[in-house]
Amino acid sequence: MANRTIDFRYGHSELKISLPEEKIINEVYGRPCEVVEDIPSAVRTALRQPIGTPPLKKIVKPGDRVAVIVSDITRTWVRFDQFLPVLLDELNEAGIPDQNIFITIAVGAHRLNTQEEFALICGRQVCERIEIVNHDCHNEAELVYTGTTSRGVECRINKRVAEADIKILTGGIVHHMMAGYGGGRKAILPGISGFKAIQGNHLLCMNQVVGQGINPNCVSGAIDDNEMNQDMIEQAALAKPDFLLNAVFAPDGRFAKFVSGHWYDAWLAGVTLVDEIYGVSVSEQADLVIASAGGFPKDINLYQGLKTVDNAYMAVKPGGVILCFMELADIKEPPEFADWFKYKTALEQEMALREHFTIPGFLAYKLADIARRNPLIVVTKPENAAFIRNAGMFPATTAAEALAIAQEKIGRTDFTITIMPSAANTVPVIAK
């Protein structure tokens, strides 16, 4: 039986693993795609040839007060500094001076961002031109009621944004482990919503039956039956956004396309492109999935590394084995995430999450849930072994050791393998 040697990114280096050629049934890589070479030109074209609305210049009128919603410091990969100046220039040309425009940082339930972080997010040039303010989900005085969704979530959003004549959503579209996809309506919820609305929406990720854990519909790539996404859409509609500008990215991080126009229709067009680039068809689920996050910083901690585990989980058979290469240099970060592994049982962890839902708590629960369903082997630094075991996983320090554990867990030699060298960004789609 011929073997193949495959390189997997690990921290700042690579680890090699030798696998029997005939066992490999799927290789999951992001598809190559065209990239944007002239960013200002591409943004202008998007703004002037939008989807589902007139061009931006025909939507605004002189005298309008314009609110631009921009993601927070956790989304700097969107590179707002590259396209916000073009958006502002387009508004200027339509008769909207800079003093009539303000940017609200869509903090959601995260911490408030600093002035220095405003510059990192928007670029110093934009900071010098436009007023930039944080949204504060806990400041009830600065929220306004917009309605109640069909699932009973009361919606309150940033009052100043609500009172603006024109509301523009910006962001980046990628797969999202809970909402199906990022971007679009997420600028409203959780972006500029009140804490109670955020919690009410996010609790939809939990199964309606207490004790059953996670809602199986709230997963990456799912929108039609995803209750969290559907509630987000309702909340966004109640906020009545006027325009959207979102970016889609190539596997190397460069811009692949800008979509603009109607806040839902344009976002959906971006979602379709994300699937074309990152939704990779696989013939069937495998007995063993071997995955890498793609190295640093995607494997800096388990909080980031969960994207890799979650995508690998979609490619593995029920009860099959997942083997991940993750260096985890800061395995105990962020502290809130790491602290969620203190519970002795799944039910204890679930009940604590239902009582005080947080995104880190949910992601920790999801990681533990996957590890309970499928043996999860992590090739990592030796000093991480105790933490990995405590979280219900199996630590290994070499590829050979990990393969030996996998063989033992599978319990036979005629197993199939799927490899996912860039698993943080690629979503396996089972061929129908």
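The structure we're discussing is the one just above.
All residue numbers refer to position in the chain's written sequence, counted from 1. Predicted model: local features are reported for residues with pLDDT of at least 70 only, side-chain atom pairs are reported and counted for 80 or more only, and whole-chain, interface and lining totals are derived from all residues. Here the side-chain values reflect all heavy atoms present in the structure, with hydrogen atoms and water set aside.

### With respect to the layout of surface pockets
Grid points spaced at 1 Å over the protein atoms alone were grouped into cavities, where a 1.4 Å probe fits but cannot get out, and pockets, open sets with protein on both sides within 12 Å along at least five of seven lines, with lining residues defined by an atom within 4 Å of a point. Grid points are joined across faces, edges and corners, and a volume is the space filled by probe spheres set on the points. Quantified by volume, the second largest pocket comes out at close to 350 Å³. Along the walls of the second largest pocket sit 14 residues, with Ile214, Pro216, Val219, Tyr313 and Asp369 positioned nearest its centre. Those elements that place two or more of their residues in the lining of the second largest pocket are helix H10 (302-315) and helix H13 (359-373). Here the lining of the second largest pocket takes four residues from H13, the largest share from any one element. Any residue outside Ala, Val, Leu, Ile, Met, Phe, Trp, Tyr, Cys, Pro, Asp, Glu, Lys and Arg is labelled polar, Gly included; the first ten of those are nonpolar and the last four are charged. Taken together, the residues of the lining of the second largest pocket sort by class into six nonpolar, four polar and four charged. Secondary structure counts use DSSP, requiring at least four H or I residues in a row for a helix and at least two E residues in a row for a strand, with both numbered from the N terminus.

### Focus: the pattern of salt bridges
A pair is scored as a salt bridge if a Lys or Arg side-chain nitrogen falls within 4 Å of a carboxyl oxygen belonging to Asp or Glu. A complete count under the given rule lists 26 salt bridges for this structure. Ionic pairing is found between Asp287 and Lys317, a salt bridge with its closest N-O pair at 3.3 Å. Remark: Lys317 occurs in strand S16 (residues 316-325) and Asp287 occurs in strand S15 (residues 286-292); sequence separation between them is 30 residues. For the salt bridge of Glu383 with Lys381, the shortest nitrogen-to-oxygen distance reads 3.5 Å. Connected through salt bridges with shared partners, the residues Arg48, Lys57, Glu90 and Glu93 form a single ionic network.

### Regarding the side chain of Asp64
With respect to the element layout, Asp64 can be found in the loop between helix H2 (56-59) and strand S4 (66-71). Here a polar contact is taken to be a pair of N or O atoms separated by no more than 3.5 Å, where protein atoms must pair a possible hydrogen donor with a possible acceptor and residues adjacent in sequence count only if both atoms sit in side chains. Within the structure, the side chain of Asp64 is placed 2.9 Å from the backbone nitrogen of Lys61, a separation counted as a polar contact.

### Some points on the nonpolar core
What is meant by a nonpolar core is a set of buried Ala, Val, Leu, Ile, Met, Phe, Trp, Tyr and Cys residues, joined one to another through side-chain atoms within 4.5 Å. Exposure classes here rest on a 1.4 Å probe applied to the protein chains alone. A residue is buried below 20% of its type maximum, exposed above 50%, and partly exposed in between. Judged by nonpolar contacts, the single largest core of 70 residues is most densely connected at Ile103 and Phe258. No other element matches helix H9 (residues 265-278), which puts seven residues into this core. It only takes one pair of heavy atoms within 4.5 Å for two residues to be counted as in contact. If near-sequence neighbours (up to four positions away) are discounted, Ile103 is found in contact with Val68, Val70, Leu84, Cys122, Val126, Ile130, Glu131, Ile132 and Val133. Of all hydrophobic cores here, the second largest spans 53 residues; its members include Ala197, Val289, Phe337 and Trp340.

### Focus: the sheet that holds strand S13 (residues 255-261)
Strand pairing is defined by DSSP finding a minimum of two bridges between the two strands. The six strands lie next to each other as S6-S5-S4-S9-S12-S13, forming an open sheet whose pairing is mixed. For this open sheet the edge positions go to strand S6 (131-134) and S13, each flanked by a neighbour on one side alone. Going from strand to strand, the sheet's axes swing by 20 degrees on average, the running direction of each strand aside. Here four bridges tie S4 to strand S9 (residues 166-172), and the two strands are oriented parallel to one another. The partner of Ala67 across the bridge, within S9, is Lys167. Orientation is described by axes fitted as lines to C-alpha atoms, over the contacting stretch for helices, and by angles from 0 to 180 degrees between their N-to-C directions. Sheet contacts for H9: strand S12 (243-249) and S13; angle to S12, the most-contacted strand, approximately 5 degrees.

Note that all results are geometric; they support no functional claim without further evidence.
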